[in-house]
Amino acid sequence: MSRDSAASAPGEPGDRQGWPVSPSGRTSRFGRLIDGGLLLQDGVQGSPVLRLFARWVRRPLLPVMRLWRRNIQLRVVAATLVMSLGVVLLLGFVVIGQVRNGLLDAKEKAAQIQATGGFKVAQENAANGRGAGGGAANGGMGKQNSSLWRNDLVTQLSSGGQSAFHVVALAAGSDAGPGRAPRASGYVEGLKSVPSELRTRVDRADGAYQSFSRIVYTENGPDPVAGLVIGKRLPDINNDPYQLYYLFPLTQEEKSLSLVKGTLATAGLFVVVLLGAIAWLVVRQVVTPVRMAAGIAERLSAGRLQERMKVTGEDDIARLGEAFNKMAQNLQLKIQQLEDLSRMQRRFVSDVSHELRTPLTTVRMAADVIHEARVDFDPVTGRSAELLADQLDRFESLLADLLEISRFDAGAAALEAEPTDLRDVVRRVVGGAEPLAEAKGGRIRVVGDAQPVVAEADARRVERVLRNLVVNAVEHGDGKDVVVRLGAAGGAVAVAVRDYGVGLKPGEATRVFNRFWRADPARARTTGGTGLGLSIALEDARLHGGWLQAWGEPGGGSQFRLTLPRTADEALRGSPIPLEPKDSRRNRGLHEAGLAGGEQGKQATVPAQPVSERAPVAVPPTASSVLVTPPSADPTALPGSGARVVPRQVGPPEVLTGGGAVTGAAAGAVTESATEAVAPDASTGGIEEQVEAEPEVRAVSAPAEEESTRGR
Amino acid sequence: MKGRVLVVDDDTALAEMLGIVLRGEGFEPSFVADGDKALAAFRETKPDLVLLDLMLPGRDGIEVCRLIRAESGVPIVMLTAKSDTVDVVVGLESGADDYIVKPFKPKELVARIRARLRRSEEPAPEQLAIGDLLIDVAGHSVKRDGQSIALTPLEFDLLVALARKPWQVFTREVLLEQVWGYRHAADTRLVNVHVQRLRSKVEKDPERPEIVVTVRGVGYKAGPS
């Protein structure tokens, strides 16, 4: 790129995008999530109601989220609570399972023994009954007996159990003849209480079967309870099969189990709460010193270097405290040393200043006396006297500049800002430089001094800066006019000094501020500058919180721009005057292109390939996109030696928005043969009104420039 | 024209050179190299102007300046190698009328000295009023309600310059030219310091000046009488 870096910075889109634009980087992750989701939804249905809702939901959550992000204690306690709750729940389930299994096993065994005994009794009872009434028993009589017998049997069997078990006799299979109605002890609803699955199993084979079930009672009885049912198919006195069931209610076991559950739940709750409290306490022990360290670190960084942590004991926290204190101590020591060094440096500068200046004064006065009397000398001595006086001048200004710069380096320079009208300063400077300009054959024109340009500034320093810039411009201006331009906008004022001399080679715009840098060592200097002028000027600008930037193109002159904040404590965001002047070759090219794009000053139309039928592509009509033009668009590098020829399509140009347009155009579409070119507005007369334009662009691009300036 | 100049400087070479230049310009220089002896020499020679180096063995220049100012309004021009704000302001506040930074050109020095001495040439009888002050230009006195206020010649000149044109706002540069005799704009700190000093003497409340009013961003003007 042939432009200087300071000027081309606004042309690089990357620079500008790199500048933080987002108002705050501290939206919560949750919030972003919602935003993202909403964006999606917006894309689909575009509902503002949803967005409103999300905002409404998010707002009360924000402080909580922030607390969560910022409070490690809260996080640890919450995590402890969640994890201990999980452990307690797991433990509870295991313990309860164990207890239930144990209880049921014991109950099952007892029930089986009871049932087996009962079945045996029933069998014997039936066999006895068959033996007793064997001959007489036949027909309906036997059936009647069977019914009665079963009643008796159930009563008999259940009599020993009380509420510990119930006995139910059911008909086998689907046999449901008379006298086969279910019989049950203790208000049990036999058919409902015995699961049908168990009944089919009992029917299918011999042997005792068991199953868990719900024991249902008749209306008069108690509520249904869980129970164990053991059943067996037995022959009755008529040798007909029937089903005899023992029902063991698990009331007791359930009670025991719920007691265990309750106990466990209580214990678990206590454990969880206690663990939470313990975690809180433990974390507090660790977090408190950390917070203290953070607070003290903040105070240290705020400059209260004597702040120390309180250290008690010898544990890790105490070690942290000790290490922290040691760090603070060393820091304080180092800062003290640096301060001492700086003070010594300042003293040294001051002393050197005095020690050098006193003899220099004597020499100076002696030389002047000799110089005054040179007419009485022979030519050789007279010329020597002249040389002596001249070089003493140079030596003096060099010494003064050196001392000034070392004062900046030592941080001893102080700003004495007060409201100053820069127009007065400019007038004084221009008045002082006019004789030099006349000697060179040019003039100094001041532009933009219609209104007051007031800023809080140190007039002495600003005058020094401007004098330097103007004298430089005159000196390097090749006898052409120098334009001093004033501008004020927003919170900033600016003075730009434009010359049309040799300009700056690529990269020189950053180097001009280097100490003792000279554009061309071979070039004669009429005023014999020290080579420190611009360095001092830059420091003066910085002292004001302002910028001093340079732009230049080879052979096209250069522009130096001083931007100062309107009030001393304000930060600069942009400059009222663009760093690259409107009459630079590139801007002339763009301006001309903009006219071709249909009278919109900032719109640059770029040519399409004449052969293709594509519509002409236009750059979006913001000046920022004009500046996006790639660096390769240096006029000198293009055909037509700078005057960029921009053809106009016959039809009305269609404006397309798209960043790629410029790149494509600049890459290949600049052709001289293509249609008419609008004459460039090369006169400098159009400058004044242009100064007022495009504030946004400057505001955005200026910080990037500033960065490049600071980089030196 | 009277031209006794007391040079207080410890650097003998410079003092001698100053002597050569001053004699060449028609002044009568006398020399003292030690701060402690400066006051005695001052009383003895009764100079019309004192050239005072800031850095001196014994009493330093600031102290000497204060002592001389305590008993006389004779113009004091400081020679200083330090152009730092603090040094200059301290020097001016201790009572110096003007200062000149080393290295200086002989002509510059002579111009300053002449500017300081020129004041003693006869002024026309003139009565001025500024605020509630009455100024007798010829009699070199300032009175408030019959009470006279002691001002150094420079402070008096400053007050007179303001009082002569109460309608005009004086920029610091204009005051430098009129009161100090600078042809080119120089350090406006001179003006600031002397205005402060003048206010401390003539204002009832120096925090809220009524005689010498600041016009923000421009300069000073005389208060309404």
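Residues numbered from 1 in each chain as written. Chains lettered and ligands numbered in written order. Predicted model: local features only at pLDDT ≥ 70, side-chain atom pairs only at ≥ 80, totals over all residues.

- Named according to an unreviewed UniProt entry, chain A is Sensor histidine kinase MtrB originating from Streptomyces solicavernae.
- Under the UniProt heading Subcellular location (unreviewed entry), the note attached to chain A is "Cell membrane". (UniProt positions renumbered as here; feature names shortened; annotations may be inferred.)

1. Focus on the environment of B:Ser94
All names here are of chain B.
Working step 1: Summarising the element assignment, Ser 94 is placed in the loop between α4 (85–93) and β5 (98–101).
Working step 2: Spatially, the C-alpha atom of Ser 94 lies 7.6 Å from that of Glu 63, the residues being 31 residues apart in sequence.
Working step 3: Apart from residues lying up to four places away in sequence, Ser 94 is in contact with Ile 62, Cys 65 and Arg 66. (Helix = DSSP H or I, 4+ residues; strand = E, 2+ residues; numbered from the N terminus. Contact = placed C-beta atoms within 7 Å.)

2. Quick notes on the interface of chain B and chain A
Note: interface size is frequently given as the accessible area lost on complex formation between the parts.
Working step 1: With 21 residues of chain B at the contact, the number on the chain A side is 24 residues.
Working step 2: With five residues, helix α1 (residues 12–24) of chain B is the largest single contributor of residues to the side of chain B that touches chain A.
Working step 3: For the side of chain B that touches chain A, a count of residues per class yields eleven nonpolar, three polar and seven charged. (Nonpolar A, V, L, I, M, F, W, Y, C, P; charged D, E, K, R; others polar.)

3. Observations regarding the confidence of the model for chain A
All names here are of chain A.
Working step 1: Averaged over every residue, the pLDDT of chain A is 72; residues scoring 70 or more account for 71%.
Working step 2: Contacts from residues 134–142, a stretch scored under 50 in pLDDT, to residues over four places away or in other chains number three contacts.
Working step 3: Across residues 596–712 the pLDDT falls below 50, and counting only partners more than four positions away or on other chains, this stretch makes 202 contacts in the model. (pLDDT = per-residue confidence, 0-100.)

4. So, the packing of helix α12 (residues 422–440) of chain A against helix α13 (residues 459–476) of chain A
Two packed helices can be described by the angle between their axes and the distance between those axes.
Residues and elements named next belong to chain A.
Working step 1: Orientation of α12 relative to α13, taken along the N-to-C sense of each, is 30 degrees, at an axis distance of 9 Å. Viewed along their axes, α12 and α13 adopt a mutual orientation that is roughly parallel. Viewed along their axes, α12 and α13 form a crossing whose handedness is right-handed. Each of Leu 422, Val 425, Val 426, Arg 428, Val 429, Val 430, Gly 432, Ala 433, Leu 436, Ala 437 and Lys 440 in α12 lies in contact with α13, whose residues at this interface are Ala 459, Val 462, Glu 463, Leu 466, Arg 467, Val 470, Val 471 and Val 474. (Axes fitted to C-alpha atoms, helices over the stretch in contact; angles between N-to-C directions. Parallel < 35°, antiparallel > 145°, perpendicular 65-115°, else oblique. Left-handed = near helix turned anticlockwise from the far one by under 90°.)

5. Description of the UniProt feature "transmembrane region" (unreviewed entry) in chain A
Working step 1: UniProt records the feature "transmembrane region" (unreviewed entry) at residues 72–97 of chain A, using the numbering of this structure.
Working step 2: Measuring from the first to the last C-alpha atom of residues 72–97 of chain A gives 37 Å, for a span that is 100% helix and 0% strand.

6. Some points on the sheet that holds strand β4 (residues 76–80) of chain B
Residues and elements named next belong to chain B.
Working step 1: An order of β2-β1-β3-β4-β5 is seen for the five strands of this open sheet, with the pairing classed as parallel. The outermost strands of the open sheet, each flanked by one partner alone, are β2 (28–32) and β5. Each adjacent strand pair in this sheet contributes to an overall mean axis angle of 20 degrees, direction not counted.
Working step 2: Here β4 pairs with β5 via four bridges, running parallel. Counterpart to Val 77 in the pairing with β5 is Asp 98.
Working step 3: Most of the contacts of helix α5 (residues 106–118) go to β5, to which it runs at about 175 degrees, and overall it touches β1 (4–8), β3 (49–53), β4 and β5. (Pairing = 2+ DSSP bridges.)

7. Considering the sheet that holds strand β12 (residues 557–565) of chain A
Residues and elements named next belong to chain A.
Working step 1: A sheet is described by the order of its strands in space; here five strands give the open sequence β7-β9-β10-β12-β11, paired in mixed fashion. Edge strands, defined here as strands with exactly one partner in the open sheet, are β7 (444–447) and β11 (547–553). Geometrically, the sheet is characterised by an average inter-axis angle of 15 degrees between neighbouring strands, direction not taken into account.
Working step 2: Bridge count for strand β9 (residues 482–489) against strand β10 (residues 492–499) is eight bridges, and the pairing is antiparallel. Across the sheet, residue Val 484 finds its bridge partner in β10, namely Val 497.

8. A closer look at the packing of helix α11 (residues 379–409) of chain A against helix α15 (residues 533–543) of chain A
Residue and element names in this part refer to chain A.
Working step 1: Viewed as axis vectors pointing N to C, α11 and α15 meet at an angle of 35 degrees, and their least axial separation amounts to 10 Å. Both α11 and α15 take part in a crossing whose hand is left-handed. On the side of α11, the interface is formed by Asp 401, Glu 404, Ile 405 and Phe 408, while α15 contributes Ser 535, Ile 536 and Glu 539.
Working step 2: Looking at the contact of α11 with α15, its residues break down into three nonpolar, one polar and three charged.

9. Let's talk about unusual backbone geometry
Residues and elements named next belong to chain B.
Working step 1: Between Lys 102 and the following residue, Pro 103, the backbone shows a cis peptide bond with an omega angle of -5 degrees.
Working step 2: The topology assignment puts Pro 103 in the loop between β5 and α5.
Working step 3: Phi at Asp 145 takes a positive value of approximately 50 degrees, unusual for a residue other than glycine.
Working step 4: Considering the arrangement of structural elements, one finds Asp 145 in the loop between β8 (141–144) and β9 (147–149).

10. What to know about the environment of A:Ala111
All names here are of chain A.
Working step 1: With respect to the element layout, Ala 111 can be found in helix α5 (residues 72–132).
Working step 2: By the C-beta count within 10 Å, which is 22 here, Ala 111 ends up buried.
Working step 3: Between the alpha carbons of Ala 111 and Tyr 246 there is a distance of 8.2 Å; along the sequence they are 135 residues apart.
Working step 4: Excluding anything up to four places from it in sequence, Ala 111 contacts Leu 228, Ile 230, Tyr 246 and Phe 248. (Buried ≥ 20, exposed ≤ 12 C-beta atoms within 10 Å, placed from the backbone.)

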